[in-house]
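Chain by chain, the residues run as shown.
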Amino acid sequence: MDEYYQAVQSLPDWLAEPLGRMPPAVAEQIHELRLREGCSLSFTIGGMPCPAAQISGCPHFLRSCVLTPPQMEEIFYALCGGSVHTHQAELAQGYLTLPGGHRVGVGGQYFVHPQQGVVVQTVRSLNLRVARRKAAALPPELCRALEGHFIGMLLVGEPDSGKTTLLRSAAAFLAGQGRTVTVVDERQEVWPEGGPAGGEALDVIAGLPKGRALQMALRTLSPHVILLDELGGMEEVEQLEQGFYGGVNFVASLHASTLEEAAHRPQVERLTLRRMLRVLVLLEGRQSPGRVKEVRWI
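Here we summarise the structure given alongside this text.

Details of the overall build of the protein chain
Within the protein chain one finds 12 helices and 13 strands. In terms of overall dimensions, the protein chain has C-alpha extents of about 55 × 45 × 35 Å along its principal axes. A buried classification covers 50% of the 298 residues belonging to the protein chain. The contacts in the protein chain between residues at least 6 apart in sequence include a share of 60% that link residues at least 24 apart. Summed over all atoms, the accessible surface of the protein chain reaches about 13,600 Å², with 51% contributed by carbon and sulfur. Computing the positive centroid from 27 side-chain charges and the negative centroid from 31, the protein chain places the two 4 Å apart.

What follows is the structure in structure tokens.
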């Protein structure tokens, strides 16, 4: 069964039931479900938005449904499993994670509470991203790069271009070479179920902020290579720097449309200045997720 059907089961029954009747041929193409107050339902298919009314075989209820504020609130609480508090750390960053690694982006009114920190006050939009465990074929040039002492590698692409999929394949390739590999999987998107299921000999630290997880990995797991999804702030760069001085290679993904755009990010500038970055890999884009357009040595 496609992961889409699992993802929608976290919604209230009145919405999950018709979504569960979406034709399988359509369901397996759905990457996102967008729910917005005062709007009809919309899906992301092939990297493009697609209103429910335009999908062949879509149940009539979904075609005509326009979500009200009370419905949005009910949906939000259902996605939180009835306990918003347990998701507070994630919600402070604008998202929550569902069973299976599916992620929900939360749009609306936030405020900063003196004791509780960032709190969601009103939810006006929700973007449910379906997590699918897929693998991408690594091109020969990328395989050759991974076989050596590449120091640092960035997988660069726009959202939905398949960076996480390619990262997963790179982890399996490196583990297959006998390298000691640690994957930092903060949002449990690399392996939605919490770890590799194909017998890959690698370590995964999931559910922790990347900076802290990197520190733990370097201190306790003695990796040859560290992989992390979505390179974030300077704290993560500092931890990678500590690994660099210990001979640890890294592979990380980064949101950018071009290699030139990526090169101007502060994190990338620092990595380049420290001579920690050797390989940039550009993905083709939303229309061809997981496919490599260019491999550039720097």
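Don't stop here, the text continues.
Points about the sheet that holds strand β5 (residues 103-113)
Taken together, six strands build an open sheet; the order of strands is β3-β2-β1-β6-β5-β4 and the sheet is antiparallel. Either end of the sheet is taken by a strand with one partner, and the two such strands are β3 (48-51) and β4 (95-97). Strand-to-strand, the axes of this sheet are offset by a mean angle of 35 degrees, without reference to chain direction. Of the strand pairs in this sheet, strand β2 (residues 42-45) and β3 are connected by four bridges, and their pairing is antiparallel. Bridging from a neighbouring strand, S42 pairs with P51 of β3. Each of β1 (30-36), β4, β5 and β6 (117-129) touches helix α5 (residues 69-79); the most contacted strand, β6, lies at about 95 degrees to it.

Some details on the packing of aromatic side chains
This structure, assessed with the given rule, holds four aromatic pairs. Ring centres 5.2 Å apart and planes at 75 degrees place the aromatic pair Y4 and Y5 in the edge-to-face group. Accessibility assignment for this pair places Y4 and Y5 in one class, buried. Taking 5.3 Å as the distance between ring centres and 55 degrees as the angle between the ring planes, the aromatic pair formed by F244 and Y245 counts as tilted. A residue is classified by how much of its surface remains accessible, and F244, at 22% relative accessible area, is partly exposed. Cation over ring: R103 sits above Y95, and NZ or CZ is 5.9 Å from the ring centre. Positioned above the aromatic ring of Y95, the side-chain terminus of R187 is 4.3 Å from the ring centre.

Observations regarding the packing of helix α9 (residues 210-220) against helix α10 (residues 234-245)
A pair of packed helices is captured by two measures, namely the crossing angle of their axes and the spacing between those axes. Relative to each other, α9 and α10 sit at 15 degrees, their axes nearing to 8 Å. Considered as vectors, α9 and α10 are oriented roughly parallel to each other. The element α9 and its partner α10 pack so that their crossing is left-handed. Mapping the contact onto sequence places K210, G211, R212, L214, Q215 and L218 in α9 and E235, E236, Q239, L240, Q242 and G243 in α10. Here the residues of the contact of α9 with α10 are counted per class, giving three nonpolar, five polar and four charged.

Side note on the pairing of strand β10 (residues 225-228)
By the alternation rule, side chains of β10 split into V225 and L227 and I226 and L228, which are all buried. Where strand β8 (residues 181-185) and β10 come together, four bridges link them in parallel fashion. Residue pairing for β10: V184 is matched across the bridge by L228. Bridge count between β10 and strand β11 (residues 249-255): four bridges; the pairing is parallel. Within β11, the residue paired with V225 across the bridge is N249.

Some words on the environment of A217
With respect to the element layout, A217 can be found in helix α9. A217 sits 196 residues away from R21 along the chain, and the two C-alpha atoms are 43 Å apart. Not counting the four nearest positions on each side in its chain, A217 is found in contact with T182, I205, S222, P223 and I226.

Here's the deal with the environment of L98
The topology assignment puts L98 in the loop between β4 and β5. Sequence-wise, L98 and G81 are 17 residues apart; in three dimensions their C-alpha atoms are separated by 9.0 Å. If we skip the residues at most four places from it in the chain, L98 touches A7, S10, L79, V104 and L128.

Details of the pattern of salt bridges
A complete count under the given rule lists 18 salt bridges for this structure. Here E230 makes a salt bridge to R103, at a shortest N to O gap of 3.9 Å. Of this pair, E230 sits in the loop between β10 and α10 while R103 sits in strand β5, and the two are 127 residues apart along the sequence. By relative accessible area, R103 is classed as buried at 12%. Of the charged contacts, one joins K210 and E186 as a salt bridge, the two residues approaching to 2.8 Å between their closest N and O atoms. Taken together, the residues K210 in helix α9 and E186 in the loop between β8 and β9 (203-206) connect sequence positions 24 residues apart. Looking at K210, the relative accessible area reads 9%, which means it is buried. On the basis of relative accessible area, E186 is assigned to the buried category, the value being 13%.

Definitions and cut-offs
- Residues numbered from 1 in each chain as written.
- Predicted model: local features only at pLDDT ≥ 70, side-chain atom pairs only at ≥ 80, totals over all residues.
- Heavy atoms only, no water.
- Helix = DSSP H or I, 4+ residues; strand = E, 2+ residues; numbered from the N terminus.
- Buried < 20%, exposed > 50% of the residue type's maximum accessible area, 1.4 Å probe, protein only.
- Contact = heavy atoms within 4.5 Å.
- Areas by Shrake-Rupley, 256 points an atom, 1.4 Å probe, with all protein chains shown as cover.
- Lys, Arg positive; Asp, Glu negative; His and termini not counted.
- Charge placed at Lys NZ, Arg CZ, Asp CG, Glu CD.
- Pairing = 2+ DSSP bridges.
- Axes fitted to C-alpha atoms, helices over the stretch in contact; angles between N-to-C directions.
- Phe/Tyr/Trp six-rings, centres within 6.5 Å; stacked < 30°, edge-to-face > 60°.
- Lys NZ or Arg CZ within 6 Å of the ring centre and 35° of its normal.
- Parallel < 35°, antiparallel > 145°, perpendicular 65-115°, else oblique.
- Left-handed = near helix turned anticlockwise from the far one by under 90°.
- Nonpolar A, V, L, I, M, F, W, Y, C, P; charged D, E, K, R; others polar.
- Salt bridge = Lys/Arg side-chain N within 4 Å of Asp/Glu carboxyl O.

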